[in-house]
Amino acid sequence: MKFTVAIDGPAAAGKGTISKAIAANFKFAHLDTGLLYRGVGKKALAYSRTSFYPEISEQLALELTPEDLLSDDLRTDEVAQAASKVAIIPEVRDVLFDFQRNFANQEGGTVLDGRDIGTIICPNADVKLFITASAEVRALRRFKELTKNGHKVSLQDVLNDVLGRDARDRERTVSPLIAAEDAIIIDTSHLSIELAISTAIEAVTVKFKVK
Ligand code: DC
């Protein structure tokens, strides 16, 4: 049996939490594809803090190891911005493509979350979810998380970062962030996390039952 759930959406919309909850509920394997781009972004930052050269970024993607994805500091905003810059480079996306496809093609259930899963990586996924929320709500969530962890940031700066990353992810020419035509859209702006999770699980259950 193979069953693939593709989950896309902008930063801080709740994709990660929902993907993990689906994987745990159905005992599916989960791949957070953003980590791949964050791994390359972090290497690119170590190489140069100002420029993101295509040929070097491609090489950095080729050199990515499983250990690179375990690093604690992949979750910083600086790495997120670098990830969204290397994600524009087609050569980088090509290098990461096979790994994601192979993950989705393994036996059993899989959940992949990212920006182009339902459109490019798994166009034939059994279920496609597009998790979204307003930029203001996403910035506020991120602001609360950062402040809780002791970071001194302003809400306006966090909102600017969210808007900057949204623009880069949506407007790039290769694999832009866009909902697949057959995706179920879940707007979490006014949903509690519990309700967002149960809505997503219900959508997957409906498809899983008839498989
Ligand atoms: O999901 P995330 O915030 O960890 O992703 C970080 C960046 O990586 C995101 O801004 C764009 C890029 N990305 C991508 O282009 N395609 C994916 N499938 C996943 C992430």
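Residues numbered from 1 in each chain as written. Predicted model: local features only at pLDDT ≥ 70, side-chain atom pairs only at ≥ 80, totals over all residues. Heavy atoms only, no water.

Chemist: What is the right way to look at the site of the ligand in this model?
Modeler: The ligand sits among 15 residues. The nearest are Arg 38, Arg 93, Arg 115, Arg 165 and Asp 169. Contact distances for the ligand include 2.9 Å between an oxygen atom and a side-chain N or O atom of Arg 93. Secondary structure elements with two or more residues in the shell around the ligand: helix 2 (34-47), helix 4 (77-86) and helix 8 (155-171). Of the residues forming the shell around the ligand, the biggest block, three residues, is contributed by helix 2. Within the shell around the ligand, the residues separate by chemical class into three nonpolar, four polar and eight charged. (Near = heavy atom within 4 Å. Polar contact = N/O pair within 3.5 Å; in protein donor to acceptor, adjacent residues only side chain to side chain. Helix = DSSP H or I, 4+ residues; strand = E, 2+ residues; numbered from the N terminus. Nonpolar A, V, L, I, M, F, W, Y, C, P; charged D, E, K, R; others polar.)

Chemist: Quick question: what am I supposed to make of the packing of aromatic side chains here?
Modeler: Within a pair of aromatic rings, the relevant descriptors are the distance that separates the centres and the angle that separates the planes. Counting across every chain of the model gives five aromatic pairs. Seen from their ring centres, Phe 3 and Phe 28 are 5.8 Å apart, and the 45 degrees between their planes marks the pair as tilted. Of the two residues, Phe 3 sits in strand 1 (residues 2-8) while Phe 28 sits in the loop between helix 1 (15-26) and strand 2 (29-32), which places them 25 residues apart along the sequence. Neither residue differs from the other here; Phe 3 and Phe 28 are each classed as buried. Geometrically, the ring pair formed by Phe 26 and Phe 28 is stacked, given 5.3 Å between the ring centres and 25 degrees between the ring planes. Per residue, the accessibility class of Phe 26 equals that of Phe 28, and both read buried. Here a set of aromatic residues connected by ring pairs shows up, and it is made of Phe 3, Phe 26, Phe 28 and Phe 208. (Phe/Tyr/Trp six-rings, centres within 6.5 Å; stacked < 30°, edge-to-face > 60°. Buried < 20%, exposed > 50% of the residue type's maximum accessible area, 1.4 Å probe, protein only.)

Chemist: Explain the pairing of strand 4 (residues 127-132) to me, please; I cannot follow it from the model alone.
Modeler: Taken residue by residue, a regular strand's side chains alternate between the two faces of the sheet. The element strand 4 is extensively covered by neighbouring structure, given that six of its six residues are classed as buried. Burial along strand 4 is two-sided: the face carrying Val 127, Leu 129 and Ile 131 and the face carrying Lys 128, Phe 130 and Thr 132 are both buried. Pairing of strand 1 with strand 4 involves four bridges; the strand directions are parallel. Each residue of the ladder has a partner; that of Ala 6, found in strand 4, is Lys 128. Here strand 4 runs beside strand 5 (residues 184-187); their pairing, made up of four bridges, is parallel. Opposite Phe 130, over in strand 5, you have Ile 185 as the bridge partner. (Pairing = 2+ DSSP bridges.)

Chemist: It is not clear to me how the environment of Phe 3 should be interpreted in this structure. Could you clarify?
Modeler: Judged by relative accessible area, which is 0%, Phe 3 ranks as buried. With near-sequence residues (within four places) excluded, Phe 3 lies in contact with Phe 28, Gly 108, Gly 109, Thr 110, Asp 126, Val 127, Val 204, Lys 207, Phe 208 and Lys 211. (Contact = heavy atoms within 4.5 Å.)

Chemist: What's the story with the packing of helix 2 against helix 4 in this structure? I'm lost.
Modeler: The relative placement of two packed helices is expressed as an angle between their axes plus a distance between the axes. Packing of helix 2 against helix 4 brings their axes to within 7 Å, and their N-to-C directions diverge by 100 degrees. The angle between the axes of helix 2 and helix 4 places the two elements in the roughly perpendicular class. On helix 4, the residues touching Tyr 37, Arg 38, Val 40, Gly 41, Lys 42, Ala 44 and Leu 45 of helix 2 are Glu 78, Val 79, Ala 80, Ala 82, Ala 83 and Val 86. Classifying every residue of the contact of helix 2 with helix 4 gives nine nonpolar, one polar and three charged. (Axes fitted to C-alpha atoms, helices over the stretch in contact; angles between N-to-C directions. Parallel < 35°, antiparallel > 145°, perpendicular 65-115°, else oblique.)

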